[in-house]
Amino acid sequence: QFHMIKHEDLIWKESLGQGSFTQIYRGGKVDRQDGETHTTDVLLKVLDVEHKNSWESFFEAASFMSQISHTHLLMVYGVSVHKSKNIMVQEFVKYGALDLYLKRSSVSLSWKLDVAKQLACTLNFLEEKNIVHGNICAKNLLLARGGDPNSENSENSPFIKLSDPGISMAMLGKEVVLDRIPWVAPEVLEKLELGQQCDKWSFGTTLWEIFNGGEIPLQRLDPKQKQRFYDQRSQLPCLEWAELADLISQCMQYQAELRPSSRSIIRHLNGLITPDYEVLHASGSVPE
Ligand SMILES: Nc1cnc(-c2cc(N)nc3[nH]ccc23)cn1
């Protein structure tokens, strides 16, 4: 299941914002090993008291992450329960969420493609284990290494960690799930339950975010208009890079069974060559 952490072994630092039904804090976890004490940087995710009836779903997300380990999956150290506080203790990932990073930094196309490939490999790992994450989005992609995005040398290349899926759709309720359009797959919206193909749809939306510099898709639509977006089988505005736009529309097909396998997504990404203007501009050989 997962490791129980004693509340007295937690150190609380500054608030870092909130998630769905949760507050997020920077913190530390103290480990006592043969007389030595060692403090690990952690992220503390606290379930809101008014949503404490979602604690099973909250801890289900923690055990989901604790039961599988992969280089691009976030490490969850365990959970701590203290009075009415339910706390998930996660590894602290230095550069934080990808959506904010993309808004703040200008990154090269090859940097973005590198992130896309890492996410596709993670999706493949989950698909081969028949595991559905259910909440793939740029906000749930954490950057362990962001570095100077424009330089080509490898120690500055990105390294992502996929965060926990959070409270399940069933517990969140229709209103909150409506707000997850266009990340939530259409079939999930209807039944409020996850299907095998739903991560592919969300992968498509996340690709759109990455290659649109962290712009929020359908930001100006209210829940009713978002519902209509799906009712009318609409698609997101397509990118200039045609081959990539093509992959996004393959992933965001309303018919779930027509979406590509994660293996074919990886093949498609490996077949993409960053367009010349990108390489030429990066090398400065083409006047601005
Ligand atoms: N598992 C996680 C999740 N989020 C972070 C994080 C890092 C950072 N530099 N700023 C942040 N602002 C909000 C969250 C966060 C770290 N680790």
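Residues numbered from 1 in each chain as written. Predicted model: local features only at pLDDT ≥ 70, side-chain atom pairs only at ≥ 80, totals over all residues. Heavy atoms only, no water.

Draft legend 1. Inspection of the site of the ligand at higher detail. Around the ligand, a shell composed of Leu16, Leu43, Leu74, Gln90, Glu91, Phe92, Val93, Lys94, Gly96 and Leu142 is seen. Within the backbone of valine 93, an N or O atom sits 2.9 Å from a nitrogen atom of the ligand. Taking lysine 94, its main chain carries an N or O atom lying 2.8 Å from a nitrogen atom of the ligand. A total of 380 Å² of accessible area belongs to the ligand in isolation, and the protein chains cover 79% of it. Assessed atom by atom at 2 Å from the grid points, the ligand resides in the largest pocket. (Near = heavy atom within 4 Å. Polar contact = N/O pair within 3.5 Å; in protein donor to acceptor, adjacent residues only side chain to side chain. Areas by Shrake-Rupley, 256 points an atom, 1.4 Å probe, with all protein chains shown as cover. 1 Å grid on protein atoms, 1.4 Å probe; cavity = no way out; pocket = protein on both sides within 12 Å on 5 of 7 lines; lining within 4 Å. Sits in = over half its atoms within 2 Å of the grid points.)

Draft legend 2. Region of interest: the nonpolar core. The biggest cluster of nonpolar side chains holds 73 residues, and the ones touching the most others in it are Leu98, Trp111, Val184, Phe203, Phe211, Tyr230 and Leu269. Of all the elements, helix H3 (residues 109-128) adds the most residues to this core, at ten residues. With seven residues, the next largest nonpolar core counts Ile5, Leu10, Val42 and Val89 among its residues. (Core = buried A, V, L, I, M, F, W, Y, C linked by side-chain atoms within 4.5 Å. Buried < 20%, exposed > 50% of the residue type's maximum accessible area, 1.4 Å probe, protein only. Helix = DSSP H or I, 4+ residues; strand = E, 2+ residues; numbered from the N terminus.)

Draft legend 3. Structural detail: helix H10 (residues 262-270). Of the positions making up H10, those classed as buried are Ser262, Ile265, Ile266 and Leu269. Projection of H10 onto a plane perpendicular to its axis shows the buried side chains occupying an angular sector of 100 degrees, all on one side. Buried residues belonging to H10 abut H3, helix H7 (198-211) and helix H9 (242-251). (Arc of directions from axis to C-beta. Contact = heavy atoms within 4.5 Å.)

Draft legend 4. Spotlight on the pairing of strand E2 (residues 22-33). Relative to E2, strand E1 (residues 10-19) runs antiparallel, the two being bridged by seven bridges. By the bridge assignment for E2, leucine 10 is matched with lysine 29. Turn length for the E1-E2 hairpin, with the two strands adjacent in sequence and antiparallel, is two residues, and the turn residue phenylalanine 21 shows positive phi of about 70 degrees. Taken together, the twelve bridges between E2 and strand E3 (residues 36-47) define a ladder with antiparallel strand orientation. When the sheet's bridge partners are listed, glutamine 23 is paired in E3 with valine 46. (Pairing = 2+ DSSP bridges.)

Draft legend 5. Quick peek at the side chain of lysine 29. Position of lysine 29 relative to the elements: it lies in strand E2. By relative accessible area, lysine 29 is classed as buried at 10%. At 3.0 Å, the side chain of lysine 29 and the side chain of aspartate 31 are in polar contact.

All quantities given are derived from atomic positions and should not be read as evidence of function.
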